[in-house]
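Chains, contacts and geometry: an overview
Below are the chains, spelled out letter by letter.
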Amino acid sequence: MGLKLAVVGGGSTYTPELVDRFTRRTDRIAIDEIALLDIDREQLAIVGGPLSPSQYDLVSRVKADERLVVRAAISGDHDLAGAALATNPLVGDPAHYDELFEAILEANGRWLPAFVPQQ
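All values reported here derive from a predicted model rather than from experimental measurement.

Once that is clear, we can look at the pairing of strand β1 (residues 3-8). Pairing of β1 with strand β2 (residues 31-37), which is carried by 6 bridges, proceeds in the parallel orientation. Within β2, the position partnered with L3 by the bridge is I31. The handedness of the β1 to β2 crossover, carried by helix α1 (residues 15-23), is right-handed.

Shown next, in the form of structure tokens:
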């Protein structure tokens, strides 16, 4: 379970960079939700307005997929890795899962010791 992060002054022009940096550090910190707070409602709406239903759906599916990816990476469970590929909204054709999984292991194997034993 990750953290809920509250950004006070979330309408700031610095907020997108701050959020970007947190999302790039998911290997160090798991954040489930980011709440932007600001007394300037107009500025907050520009920086972090509410997601449309379709945007929220996509973000929710990607977050669920990321959780599967992490569980698979830690456990080395090939079935979980397959499930992660199957639920990823960007992967597409299931016929390519094995090929894609092998390419992922080839490119990132040194960071996935549960799948690729280190020498």
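Glancing now at the confidence of the model for the protein. With 96% of its residues at a pLDDT of 70 or more, the protein has an overall mean of 84. Across the protein, element-level confidence peaks in helix α5 (residues 97-108) with a mean pLDDT of 92 and bottoms out in helix α2 (residues 41-48) with 78.

The next subject is the nonpolar core. Among the nonpolar cores identified, the biggest contains 11 residues, and these are L68, A72, L80, A81, A84, L85, Y97, F101, L105, L112 and F115. The element that contributes the greatest number of residues to this core is helix α4 (residues 78-87), accounting for 4 residues. Setting aside its immediate chain neighbours within four residues, F101 contacts H78, A81, L85 and F115.

Glancing now at the packing of aromatic side chains. Evaluation of the coordinates by the stated rule reveals 1 aromatic pair. Plain terms: the ring middles of F101 and F115 are 5.3 Å apart, the flat faces sit at 80 degrees to each other, and that makes the pair edge-to-face. Note that F101 is positioned in helix α5 and F115 in the segment after α5, a separation of 14 residues in sequence. Of the two residues, F101 and F115, both sit in the buried class.

To continue, consider the packing of helix α3 (residues 53-75) against α4. Their axes nearest at 8 Å, the elements α3 and α4 cross at an angle of 160 degrees. Relative to α4, α3 is oriented roughly antiparallel. For the pair α3 and α4, the crossing hand works out as left-handed. For the pair α3 and α4, contact is made by D65, L68, V69, R71, A72 and S75 and by L80, A81, A83, A84, L85 and T87, respectively. Of the residues that constitute the contact of α3 with α4, the class distribution is 8 nonpolar, 2 polar and 2 charged.

Further remarks concern the environment of D32. In this fold, D32 is placed in strand β2. Among the residues examined, D32 registers a relative accessible area of 34% and is labelled partly exposed. Between the C-alpha atom of D32 and that of L5, which follows or precedes it by 27 residues, the distance is 8.1 Å. A distance of 2.9 Å separates the side chain of D32 from the side chain of R67, its partner in a polar contact.

Pairing between side chains of opposite charge can happen when the charged atoms of each approach one another. Counted by the stated rule, this structure contains 5 salt bridges. Across the pair D20 and R24 runs a salt bridge whose closest N-O atoms are separated by 2.7 Å. Look at R24 and you get exposed, because its relative accessible area is 62%. For K63, the salt bridge is made with E66, and the minimal N-O distance between the two is 3.3 Å. Of this pair, K63 and E66 both sit in helix α3, separated by 3 residues, roughly a single helical turn. On the basis of relative accessible area, E66 is assigned to the partly exposed category, the value being 36%.

Basis of the calculations
Residues numbered from 1 in each chain as written. Predicted model: local features only at pLDDT ≥ 70, side-chain atom pairs only at ≥ 80, totals over all residues. Heavy atoms only, no water. Pairing = 2+ DSSP bridges. Helix = DSSP H or I, 4+ residues; strand = E, 2+ residues; numbered from the N terminus. Right-handed = clockwise from strand over helix to strand, strands pointing away. pLDDT = per-residue confidence, 0-100. Core = buried A, V, L, I, M, F, W, Y, C linked by side-chain atoms within 4.5 Å. Buried < 20%, exposed > 50% of the residue type's maximum accessible area, 1.4 Å probe, protein only. Contact = heavy atoms within 4.5 Å. Phe/Tyr/Trp six-rings, centres within 6.5 Å; stacked < 30°, edge-to-face > 60°. Axes fitted to C-alpha atoms, helices over the stretch in contact; angles between N-to-C directions. Parallel < 35°, antiparallel > 145°, perpendicular 65-115°, else oblique. Left-handed = near helix turned anticlockwise from the far one by under 90°. Nonpolar A, V, L, I, M, F, W, Y, C, P; charged D, E, K, R; others polar. Polar contact = N/O pair within 3.5 Å; in protein donor to acceptor, adjacent residues only side chain to side chain. Salt bridge = Lys/Arg side-chain N within 4 Å of Asp/Glu carboxyl O.

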